[in-house]
2 protein chains.
Amino acid sequence: MQSLQHKASEWSGVDTADAFAIDDTNLFQKLGLDAFINLSTNFYNRVYDDEEDWFRLIFSNSKKEDAIQNQYEFFVQRMGGPPLYSQRKGHPALIARHRPFPVTHQAAERWLHHMQDALDNTPDIDSDSKIKMMNFFRHTAFFLVAGDELKNPNQQVACKHATSKPAAE
Amino acid sequence: MQSLQHKASEWSGVDTADAFAIDDTNLFQKLGLDAFINLSTNFYNRVYDDEEDWFRLIFSNSKKEDAIQNQYEFFVQRMGGPPLYSQRKGHPALIARHRPFPVTHQAAERWLHHMQDALDNTPDIDSDSKIKMMNFFRHTAFFLVAGDELKNPNQQVACKHATSKPAAE
């Protein structure tokens, strides 16, 4: 099977170098904590008000303020700031922690639609940083779609309907 | 169900604060790249020579030099150095990438046994850093054991033998 990373690049149209161009500069030092809090607040305000029930309901078991904190702490940690997320929750383990949710291609696109809107409405993030962040988000969203598909081969093995496939690179 | 993090702390005996004390100082700046390469080389020399077949065979589909590179690049990235791992392979996604392997309690203890030996035989790592790193490794090993157990509830759902459980926090 193709690697997670290969699928993420193919489906997102963003190669690894562009996805991780967020590491070329320290975005946390450049933007500051408030920019990240504002971005995640803008994002989840849109998500929790989404007129599309199928998408909004994915988040219905989480409190909005918790979702905001989990997200901005991870972004801060990943983009050059202090490891706020790990101090509170440990390893990001992105695929495993998204396991309870249906991370489909359609859900990834809806997530990215709201994130683009949120970025466009967060004036404390400059346009170059927005492009880098959006490439990272787009690649990561489809990395999680690839991770979501790992759930299925395993089910098939358990039921003896199909042969097993190696799950990750 | 208990969170991944809670299980990791309970089974390892290392709480989150101690596990992530690796972030108190920049270990990459303190130790340098060679220390990480030496550590992973020492570690995998032991693993690939393990007299315990059940453990050695877990690694038999990977080349030793690839295993060494994957490991030290992740350690460097996680401990304050450049994001070598993500530039080449993307998100660490620790649980998902360990999915093909049987990460049992017994395997975690064997991994940690070799890592303690490897640390003890890497003179370019000072004793304070060794303690911090070992706490991180111990916690992470059992975080992966907790992640490994996520594979099973899903199989049960697919076969309709049991009710679903939320898989991650």
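Just above, that's the structure.
Residues numbered from 1 in each chain as written. Chains lettered and ligands numbered in written order. Predicted model: local features only at pLDDT ≥ 70, side-chain atom pairs only at ≥ 80, totals over all residues. Heavy atoms only, no water.

**Quick notes on the overall build of chain A**
Here is step 1: For chain A, the count of helices and strands is 11 helices and zero strands.
Here is step 2: Across the 169 residues of chain A, 52% fall into the buried class.
Here is step 3: In chain A, the proportion of contacts linking residues at least 24 apart, taken out of those at least 6 apart, comes to 72%.
Here is step 4: When the accessible surface of chain A is split by element, carbon and sulfur atoms take 48% of a total near 7800 Å². (Helix = DSSP H or I, 4+ residues; strand = E, 2+ residues; numbered from the N terminus. Buried < 20%, exposed > 50% of the residue type's maximum accessible area, 1.4 Å probe, protein only. Contact = heavy atoms within 4.5 Å. Areas by Shrake-Rupley, 256 points an atom, 1.4 Å probe, with all protein chains shown as cover.)

**Considerations on the side chain of Thr140 of chain B**
Here is step 1: Turning to its location among the elements, Thr140 of chain B is positioned in helix α10 (residues 127-148).
Here is step 2: Among the polar contacts listed, one links the side chain of Thr140 of chain B to the side chain of His91 of chain A, at a separation of 2.7 Å.
Here is step 3: Residues contacting Thr140 of chain B, with those up to four places away along its chain left out, are His91 of chain A together with Leu94 of chain B. (Polar contact = N/O pair within 3.5 Å; in protein donor to acceptor, adjacent residues only side chain to side chain.)

**Topic: empty space enclosed by the protein**
Here is step 1: What the rule picks out here adds up to one cavity of 30 Å³ or more.
Here is step 2: Of the volumes computed, that of the largest cavity is approximately 180 Å³.
Here is step 3: The wall of the largest cavity is formed by 20 residues, among which Ile95 and Arg99 of chain A together with Ile95, Ala96 and Arg99 of chain B lie closest to the centre.
Here is step 4: If you list the elements that add at least two residues to the lining of the largest cavity, you get α8 (94-97) and α10 (127-148) of chain A together with α8 (94-97) and α10 of chain B.
Here is step 5: Ranked by the residues each element gives to the lining of the largest cavity, the list is headed by α10 of chain B, at three residues.
Here is step 6: The residue makeup of the lining of the largest cavity, split by class, is 10 nonpolar, four polar and six charged. (1 Å grid on protein atoms, 1.4 Å probe; cavity = no way out; pocket = protein on both sides within 12 Å on 5 of 7 lines; lining within 4 Å. Points joined across faces, edges and corners; volume = space filled by probe spheres on them. Nonpolar A, V, L, I, M, F, W, Y, C, P; charged D, E, K, R; others polar.)

**Observations regarding the layout of surface pockets**
Residue and element names in this part refer to chain B.
Here is step 1: In this structure, the second largest pocket spans a volume of roughly 980 Å³.
Here is step 2: Along the wall of the second largest pocket there are 34 residues; nearest its centre are Tyr44, Phe59, Arg97, His98 and Phe101.
Here is step 3: Where the lining of the second largest pocket is concerned, the elements lending two or more residues are α6 (64-78), α7 (84-89), α8, α9 (105-120) and α10.
Here is step 4: Top contributing element to the lining of the second largest pocket by residue count: α6, with six residues.
Here is step 5: For the lining of the second largest pocket, the per-class residue count stands at 23 nonpolar, six polar and five charged.

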